[in-house]
Amino acid sequence: MFRSTRDRFLSLTLHGLAAVSGLIVVLVLAFVLQESSPVLSRVMLSRFLTDGSWHPAADAAEGAFNLLPIVVGTLLSSAGAVVLATPLGILSAVFIQFYAPLHLARWYRRMIELLAGIPSVVFGLWGLVVLVPLIARIHPPGQSLFTGIVILTLMILPTVALLSNAAMAAVPREIVSGCAALGLSRRTTAFLIIIPAAKSGLTTAAILGLVRAIGETMAVVMVCGNVVRMPGSLFDPIRTLTSTIALEMSYARGVHRSSLFFCGLVLLLVVTGLIAVAEIVSRRQLHGPV
Amino acid sequence: MARFKTRTDRVLDICVWTAPALVSGLFLWLVGDLAVRGCGAFWPGESEASGFFRLTEPLELVIKFLTGAPERAGRSGGIGPILVSTGLILMVCMSMAIPFGLGTALLLSEFVAPQNRFGRIVRRSLDVLAGVPSIVFGLFGNAVFSQFLGLRFSILSGGLTLACMVLPLLIRSTEEALNAVCPTQRHAATALGFSRWATVFQIILPQATPGVVVGLVLGIGRALAETAALIFTSGYVDRMPRSVFDSGRSLSIHIYDLSMNVAGGNQNAYASALVLITVLALINAATNWLATRFLQREAGNF
Amino acid sequence: MCIPFQIRSYIALACLLSLFTCGCGAADGARTTAAPRQTQITITGASTIAPLMGEIGKRFEAEHPGIRVDVQTGGSSRGVADARNGLADIGMVSRDLKPDEADLQRFLIARDGVCIILHAENPVQSLSREQIISIYTGQTRNWKAVGGRDAPITVVNKAEGRSTLEVFATHFKINTKEIHADVVIGDNEQGVKTVAGNPLAIGYVSIGTAEVDREGGVPIRLLSLNEVEASVKNVRNGTFPMSRTLNLVTKTPPEGTIKELIDFASSSKVHDLVKELSFVPID
């Protein structure tokens with residue numbers, strides 16, 4: 001199949017590199033499984049859904065391990081962030097590609113790249129010191145699902161915007177030129193031609209954004225309130241899986257520690273599930289009626 | 001044609017202009033807030049100097065802050081050793097992540113068909129990897145690099161952990177960039193009898209460079225911003241590192257510690273955050289400049 | 001063959017870095033085998049103690065040239081685990097030891113008081129023990145009931161397992177499951193910032209942290225407990241009732257340099273550092 005030994009060498013090397021990259025997640029999974037095995041062997045799985053509350057610091061018999069509000073909190077906050085960040089990100093990409101003058105586009109892109117590098121602790125600090133008091137004035141306590149969504153949106157926006165931008169840039173130039181030749185406006189070109197053509201890239205961008213939102217820790221700890229309770233409204237505090245790990249790991253021992261690793265495992269399962277769903281959806285779109 | 005705007009058109013136009021305005025507004029609010037709070041650290045207090053010396057004083061303070069060692073648990077003094085550690089961590093991280101990221105992305109987009117099972121498994125596992133929370137990465141890195149491989153708390157083990165973390169982002173964006181290269185180019189290369197090696201290195205990679213740079217910038221940003229994964233791997237020691245085998249505190253850990261753990265550390269926390277954003281801006285500018293320069297050189301070759 | 005410039009530079013960079021890394025590794029390996037053991041002391045554990053231990057370590061290094069003290073964080077449980085399995089020479093634990101940790105050697109280096117804080121604008125000047133219990137168990141939900149404005153109370157609590165929570169719950173004899181919180185926090189500074197940003201909040205944090213922040217202009221008020229003013233001074237003379245211990249632990253009775261460092265950390269030579277990091281020195 002390959003003409004030269006050099007090509008065979010290249011292919012082999014690349015396969016090796018890819019295999020290592022793929023293997024990392026297996027290692028992580030094995031590590032998390034091993035660390036969470038104590039709680040899996042001593043606490044019935046159903047108790048993670050039916051226990052009265054989340055108080056794992058006591059031993060396996062007395063502790064309470066209800067993860068449901070935490071999982072719901074995680075899903076709500078990250079879904080909210082993606083719902084806001086995806087349109088903002090795609091519109092930003094359209095802005096850069098089709099609307100803004102060259103210089104403005106360049107500066108805006110650079111700004112988004114900067115946004116990508118602001119540490120989550122700085123987002124959290126800003127959220128806690130600036131945003132939370134503002135929201136507390138409208139609806140105490142201020143630390144809430146809403147604040148979390150706002151901060152998370154800002155945090156995942158660069159991922160979504162830059163990847164969307166790359167996906168749109170990837171649409172063959174001929175199509176754009178064709179549109180121009182047909183006399184289509186930039187608006188029509190962007191929304192009716194380019195966005196549908198870049199669909200798979202845009203989906204990737206949204207998924208990576210979602211996954212990033214789910215995995216986010218430090219900022220969420222500071223602005224979400226962290227109470228383990230089913231949120232009744234947008235202004236109720238929520239707890240996420242990652243903040244549970246971050247808040248409790250430093251003093252956790254025995255079953256408690258291991259139940260925190262179980263949180264990590266649940267998180268990985270949630271992520272895997274979402275990716276599977278996204279894949280099914282995009283495949284249906286690919287094969288369905290155009 | 002622009003004269004016959006429908007209502008939908010107008011709404012779309014407004015959306016396209018509002019979204020960036022909103023994002024820029026929030027960004028400027030955040031950075032402005034940081035700048036106002038952070039600059040206090042560089043503002044001279046009561047001093048006897050007057051006239052010209054008073055003007056140079058902030059500059060001196062900035063230099064002192066950038067080169068000095070932290071004192072009083074970071075509440076005064078500078079961030080010199082922390083900048084060095086951060087740089088070393090970033091170098092280790094990128095020198096691992098770039099070959100693996102580029103290699104995997106090349107394989108996924110150039111060497112296997114989209115339906116290939118191996119490719120699909122790798123791609124899916126990378127997506128899952130992207131969702132692993134940073135604190136789990138930290139504990140994983142501690143178990144694998146620090147304990148199993150015996151690197152203990154070191155810049156090397158921190159950089160390797162970060163490399164695992166940024167890999168999905170790097171690969172996904174590189175892959176997008178590679179897919180963006182027009183397929184006719186590949187066909188042309190094949191028709192001309194180019195080897196795969198030549199196609200990849202002479203046709204595809206040069207064209208994909210801007211996209212690869214986006215991935216790099218995102219990856220560097222992610223690595224610079226990381227806190228939780230580094231506490232357990234590269235550690236907390238704020239001394240000047242002698243080599244990558246020493247433990248070293250990264251800038252984001254320093255910010256976290258000063259703002260959340262040390263009472264009265266706010267001032268220096270904001271100042272450090274300001275430095276971090278400035279460093280990032282410089283890195284971004286440099287990467288973009290290099291990319292455009294190389295692109296022009298490439299264009300000149302044709 | 002002609003590899004374009006940018007690819008070459010990628011490759012060159014990677015080679016350079018790996019060479020550099022190997023070089024450093026070789027140098028480091030040579031040095032550690034040549035040097036005698038125990039020139040490096042690793043300390044891991046509670047993030048609360050880590051800044052203090054870092055400063056103590058620096059002063060110890062200055063007095064003992066050639067010795068390096070590396071302080072790492074990760075939480076009290078990590079301190080215990082690392083001291084047990086030998087990853088660290090000394091563990092830091094910011095709570096009293098549990099019965100199943102009696103195998104470890106414990107050395108008290110400082111104390112840390114815990115006090116109730118309110119926002120400075122809150123008109124409530126003092127709260128009785130019963131009022132605090134009823135606020136934290138969710139029976140009192142409005143400031144009006146304890147003499148304040150007509151507004152809901154925001155109860156700030158610490159996360160499950162944290163030692164300040166244990167100290168608080170033990171002192172007020174509240175079961176942690178009965179606490180009805182509106183905000184759950186981790187570190188002390190997060191608590192101070194949360195209360196400072198919300199005039200309706202009540203929380204409890206380390207006294208030292210609260211005092212430093214109040215002097216720095218943060219709008220919080222420290223409440224007295226059982227008529228005893230919440231201050232570092234009162235924790236030191238033993239009159240303030242709510243406090244926790246900050247400890248160092250080792251697996252075996254310490255010897256040599258490690259013993260010197262532990263003795264140094266609990267001596268009066270570091271009292272100024274303890275005070276500066278807003279903890280209470282042991283007399």
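Predicted model only: the values in this text are computed from it and were never measured.

**Some details on the overall build of chain A**
Each helix and strand counted, chain A has 12 helices and two strands in total. Sequence-ordered secondary structure for chain A, helices as α and strands as β, is α-α-β-β-α-α-α-α-α-α-α-α-α-α. Over its C-alpha atoms, taken along the principal directions, chain A stretches across nearly 70 × 60 × 35 Å. Within chain A, buried positions represent 61% of all 290 residues. Taking all contacts inside chain A whose residues are at least 6 apart in sequence as the whole, residues at least 24 apart take part in 71%. Carbon and sulfur atoms make up 69% of the accessible area of chain A, which amounts to about 11300 Å² in all. For chain A, the distance from the average site of its 20 positive side-chain charges to the average site of its 11 negative ones is 12 Å.

**Observations concerning the interface of chain B and chain A**
The interface is formed by 85 residues belonging to chain B together with 86 residues belonging to chain A. Of the roughly 7800 Å² buried between chain B and chain A, counting both surfaces, carbon and sulfur atoms make up 79%. On the chain B side of the interface with chain A, the three residues burying the most area are B:Phe27, B:Leu30 and B:Trp197, jointly 8% of the side's total. If you look at where chain B meets chain A, you find one salt bridge. In this structure, the salt-bridge partner of A:Arg187 is B:Asp13, at a minimum N-O distance of 2.9 Å. Taken together, the links from chain B to chain A amount to five residue pairs in polar contact (both at pLDDT 80 or more). Those elements that provide at least two residues to the side of chain B that touches chain A are α1 (7-39), α3 (80-111), α4 (117-130), α5 (134-148), α6 (155-179), α8 (196-225), α10 (251-260) and α11 (266-301) of chain B. Looking at which element gives the most residues to the side of chain B that touches chain A, the answer is α1(B), with 18 residues. Looking at the side of chain B that touches chain A, its residues break down into 57 nonpolar, 16 polar and 12 charged.

**So, the domain arrangement of chain A**
With domains assigned, chain A is organised as domain 1 (1-30) and domain 2 (68-287). Between domain 1 of chain A and domain 2 of chain A, the C-alpha centre-to-centre distance is 31 Å.

**A word on the nonpolar core**
In this structure, A:Val28, A:Leu67, A:Val94, A:Phe123, A:Met168, C:Ile43 and C:Met53 are the most contacted members of the largest nonpolar core, which totals 230 residues. In terms of residues, this core owes the most to one element, α3(B), which gives 16 residues. With residues near it in sequence (within four places) discarded, A:Met168 still touches A:Ile90, A:Ala93, A:Val94, A:Gln97, A:Arg173, A:Ile194, A:Ile195, A:Ala198 and A:Leu202. Counting residues in each nonpolar core, the second largest holds 45 residues, with C:Ile117, C:Trp143, C:Ile153 and C:Leu225 among its members.

**With respect to the packing of aromatic side chains**
Evaluation of the coordinates by the stated rule reveals 13 aromatic pairs over all chains. Both rings, one in A:Phe31 and one in B:Phe140, keep their centres 5.8 Å apart while their planes meet at 65°; by these two values the pair is edge-to-face. Highlighted residues: A:Phe31 in helix α1 (residues 5-42) and B:Phe140 in helix α5, drawn from two different chains. Exposure remark for A:Phe31: the relative accessible area of 9% places this residue in the buried category. B:Phe140 sits in the buried class, given a relative accessible area of 3%. A ring pair is formed by C:Phe168 and C:Tyr204, whose centres lie 4.0 Å apart and whose planes are at 0°; its orientation type is stacked. Residue C:Phe168 is located in helix α5 (residues 163-172), and its partner C:Tyr204 is located in strand β7 (residues 201-206); the two are separated by 36 residues in the primary sequence. Assessed through its relative accessible area of 0%, C:Phe168 is described here as buried. Residue class for C:Tyr204 comes out buried when judged on its relative accessible area of 2%.

**Some remarks on the domain arrangement of chain C**
Residues and elements named next belong to chain C. In terms of domains, chain C is made up of domain 1 (1-29), domain 2 (38-111 + 246-281) and domain 3 (112-236). Averaged C-alpha coordinates put domain 2 and domain 3 at centres separated by 29 Å. Contacts between domain 2 and domain 3 engage 12 residues on the former and 11 residues on the latter. In this assembly, domain 2 packs against domain 3 so that about 880 Å² is buried in total across both faces, 55% of it on carbon and sulfur atoms. For domain 2, the biggest contributors to the area lost against domain 3 are Arg 111, Ser 278 and Val 280; these three give 47% of the whole. Remark: the boundary between domain 2 and domain 3 carries one salt bridge. One salt bridge in this structure joins Glu 166 and Lys 98, with 3.1 Å as the shortest N-O distance.

**Let's talk about the environment of B:Phe232**
In this fold, B:Phe232 is placed in the loop between α9 (228-231) and α10. Distance from B:Phe232 to B:Glu176, taken between C-alpha atoms, is 33 Å for residues 56 residues apart in sequence. With near-sequence residues (within four places) excluded, B:Phe232 lies in contact with B:Ile135, B:Gly138, B:Leu139, B:Asn142, B:Ser146, B:Phe153, C:Gly74 and C:Arg78.

**Looking at the state of the cysteines**
Residues and elements named next belong to chain A. A complete count under the given rule lists zero disulfides over all chains for this structure. Cys 224 provides the cysteine sulfur closest to Cys 263, a residue in no disulfide bond, and the two sulfurs are 15 Å apart. Given the relative accessible area of 0%, Cys 263 is considered buried.

**A few points about the side chain of C:Asn234**
Along the chain, C:Asn234 falls in helix α8 (residues 232-236). If near-sequence neighbours (up to four positions away) are discounted, C:Asn234 is found in contact with C:Val228, C:Glu229, C:Thr239 and C:Phe240.

**Focus on the pairing of strand β5 (residues 154-158) of chain C**
Residue and element names in this part refer to chain C. Counting buried positions over the five residues of β5 gives five, a clear majority of the element. Neither face of β5 is exposed, since Thr 154, Val 156 and Lys 158 on one face and Val 155 and Asn 157 on the opposite face are all buried. Note that β5 and β7 share two bridges and pair parallel. Each residue of the ladder has a partner; that of Thr 154, found in β7, is Ala 201. In the sheet, β5 pairs with strand β6 (residues 183-185) via three bridges, with the strands oriented parallel. Residue Lys 158 lies in a different strand from β6, and its bridge partner there is Ile 185.

How each quantity is defined
- Residues numbered from 1 in each chain as written.
- Chains lettered and ligands numbered in written order.
- Predicted model: local features only at pLDDT ≥ 70, side-chain atom pairs only at ≥ 80, totals over all residues.
- Heavy atoms only, no water.
- Helix = DSSP H or I, 4+ residues; strand = E, 2+ residues; numbered from the N terminus.
- Buried < 20%, exposed > 50% of the residue type's maximum accessible area, 1.4 Å probe, protein only.
- Contact = heavy atoms within 4.5 Å.
- Areas by Shrake-Rupley, 256 points an atom, 1.4 Å probe, with all protein chains shown as cover.
- Lys, Arg positive; Asp, Glu negative; His and termini not counted.
- Charge placed at Lys NZ, Arg CZ, Asp CG, Glu CD.
- Buried area = accessible area lost by both parts, 1.4 Å probe.
- Salt bridge = Lys/Arg side-chain N within 4 Å of Asp/Glu carboxyl O.
- Polar contact = N/O pair within 3.5 Å; in protein donor to acceptor, adjacent residues only side chain to side chain.
- Nonpolar A, V, L, I, M, F, W, Y, C, P; charged D, E, K, R; others polar.
- Domains from an automatic or database assignment.
- Core = buried A, V, L, I, M, F, W, Y, C linked by side-chain atoms within 4.5 Å.
- Phe/Tyr/Trp six-rings, centres within 6.5 Å; stacked < 30°, edge-to-face > 60°.
- Disulfide = S-S within 2.5 Å.
- Pairing = 2+ DSSP bridges.

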